[in-house]
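Fold and geometry: a report
Residue strings, one per chain:
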Amino acid sequence: MSPHITLREVIDSDLPDFFRHTSDPESSRMAAFTSKDPTDRASFDAHWARIRASDAVIRTVLADDVVVGHAAVYGPPEEREVTYFIDRAYWGRGIATAALRALLAVVPERPLFAHAAADNAGSVRVLEKCGFTATGKDRGFANARGAEIDELVLTLTG
């Protein structure tokens, strides 16, 4: 049975869970475009303070009332971008797709953009299931891999 997925506002007690999720080496490698050192708690806290003070729409992702990740829309109106991060222990259960769909219902502005490591098939599939289509390719430095890698640019117009 699939877990019940809900989104809610981020609260302070979510941050230790987010830190654990994003500092997992395998998760960071898959996400690729992470902070320089995902295990640096001070940098993590400063990053989240900036995010929470911005106009980003950010939500905690809950699966059966357990914090399993976060999802957000951020950036200037003409370049709004989605991002999400789900605890590796919950991958493959449709949680990212359900969370992103719920977030897209909260944020009606279009177009929205997303970037994903080209080899992150799971994330690309989540975006496609939510209506994003590949509209470009790019290369960028992936901190989690210590190298420049291929990335896909995806767009949601409707």
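Quick summary incoming for the structure in this document. Since the structure is predicted, the reported quantities are computational estimates derived from the model, not experimental observations.

Brief notes about the packing of aromatic side chains
A full pass over the atoms with the stated rule returns three aromatic pairs. With centroids separated by 5.0 Å and ring planes inclined at 40°, the aromatic side chains of F18 and W48 adopt a geometry described as tilted. Separated by 30 residues along the polypeptide, F18 in helix α1 (residues 15-22) and W48 in helix α3 (residues 41-53) bring together distant segments of the chain. There is no split in this pair, since F18 and W48 are both buried. Taken together, F18, F19, F44 and W48 form an aromatic cluster joined through their ring pairs. Between R41 and the ring centre of F19, over which it is positioned, the NZ or CZ distance is 4.9 Å.

Considerations on the layout of surface pockets
Size it by volume and the largest pocket reaches roughly 1300 Å³. Broken down by secondary-structure element, the contributors of at least two residues to the lining of the largest pocket are α2 (25-31), α3, β3 (66-74), β4 (81-86), α4 (95-106), β5 (112-117) and α5 (121-129). By residue number, the principal contributor to the lining of the largest pocket is α5, which donates seven residues. Its residues placed into classes, the lining of the largest pocket shows 25 nonpolar, 17 polar and seven charged.

Examining the packing of α1 against α3
Relative to each other, α1 and α3 sit at 120°, their axes nearing to 11 Å. Put simply, α1 runs oblique to α3. For the element pair α1 and α3, the recorded crossing hand is right-handed. Residue-level inspection shows L15, P16, F18, F19 and T22 of α1 in contact with α3, the latter providing R41, F44, W48 and R52. Grouping the amino acids of the contact of α1 with α3 by side-chain chemistry returns six nonpolar, one polar and two charged.

What to know about α4
With 12 residues, α4 should reach 16 Å at 1.5 Å per residue; the first-to-last C-alpha distance of 17 Å fits that figure. Every buried residue belonging to α4 is among I95, A96, T97, A99, L100, L103 and L104, and all of these are buried.

Concerning the pairing of strand β6 (residues 133-142)
Pairing of β6 with strand β7 (residues 147-156), which is carried by nine bridges, proceeds in the antiparallel orientation. Following the sheet pairing, A142 is matched in β7 by A147. The antiparallel hairpin formed by β6 and β7 contains four residues in its connecting segment, where G146 sits at a positive phi of about 65°.

Let's talk about unusual backbone geometry
Following R110, the chain continues to P111 via a peptide bond in cis, the omega torsion being 5°. Secondary-structure assignment places P111 in the loop between α4 and β5. The phi torsion at D64 lies on the positive side, around 50°, for a residue other than glycine. By secondary structure assignment, the location of D64 is in the loop between β2 (57-63) and β3. Backbone geometry at D65 places phi at a positive 70°, although glycine is not the residue there. Its relative accessible area of 68% is what places D65 among the exposed residues.

So, how was this worked out
Counting restarts for each chain: residues are numbered from 1 in the order of the written sequence. The predicted origin of the model limits local features to residues at a pLDDT of at least 70 and limits the giving and counting of side-chain atom pairs to 80 or more, whereas totals for whole chains, interfaces and linings rest on all residues. For the side-chain quantities, the full set of heavy atoms in the structure was used; hydrogens and water were omitted. What counts as a ring pair is set by centres within 6.5 Å for rings of Phe, Tyr and Trp (its six-membered ring), and what kind of pair is set by the plane angle: stacked under 30 degrees, edge-to-face over 60, tilted for all other angles. Only DSSP runs of H or I with at least four residues qualify as helices, and only runs of E with at least two residues qualify as strands; both kinds are numbered from the N terminus onward. For every residue, the accessible area (1.4 Å probe, protein chains only) is compared with the maximum for its type, and the residue is labelled buried under 20%, exposed over 50%, or partly exposed between those bounds. A ring is considered to have a charge above it if a Lys NZ or an Arg CZ atom is located within 6 Å of its centre and within 35 degrees of its normal. The distinction between a cavity and a pocket rests on a 1 Å grid over the protein atoms alone: a 1.4 Å probe fits inside a cavity but cannot get out, while a pocket stays open yet meets protein on both sides within 12 Å along at least five of seven lines, and a residue with an atom within 4 Å of a point counts as lining. Grid points are joined across faces, edges and corners, and a volume is the space filled by probe spheres set on the points. Three residue categories are used. Nonpolar comprises Ala, Val, Leu, Ile, Met, Phe, Trp, Tyr, Cys and Pro, charged comprises Asp, Glu, Lys and Arg, and polar comprises the others, including Gly. In this analysis an axis means a line fitted to C-alpha atoms, helices contributing only their contacting stretch, and an angle means the value between N-to-C directions, from 0 to 180 degrees. Working rule for angles: under 35 degrees goes down as roughly parallel, over 145 as roughly antiparallel, 65 to 115 as roughly perpendicular, anything else as oblique. Here a crossing is called left-handed whenever its near helix is offset anticlockwise from the far helix by less than a right angle, and right-handed whenever the offset is clockwise. The contact criterion used throughout is that any non-hydrogen atoms of two residues lie within 4.5 Å. In this analysis, the expected span of each helix is defined as 1.5 Å times one less than the number of residues it contains. Pairing between two strands is assigned when DSSP locates at least 2 bridges connecting them.

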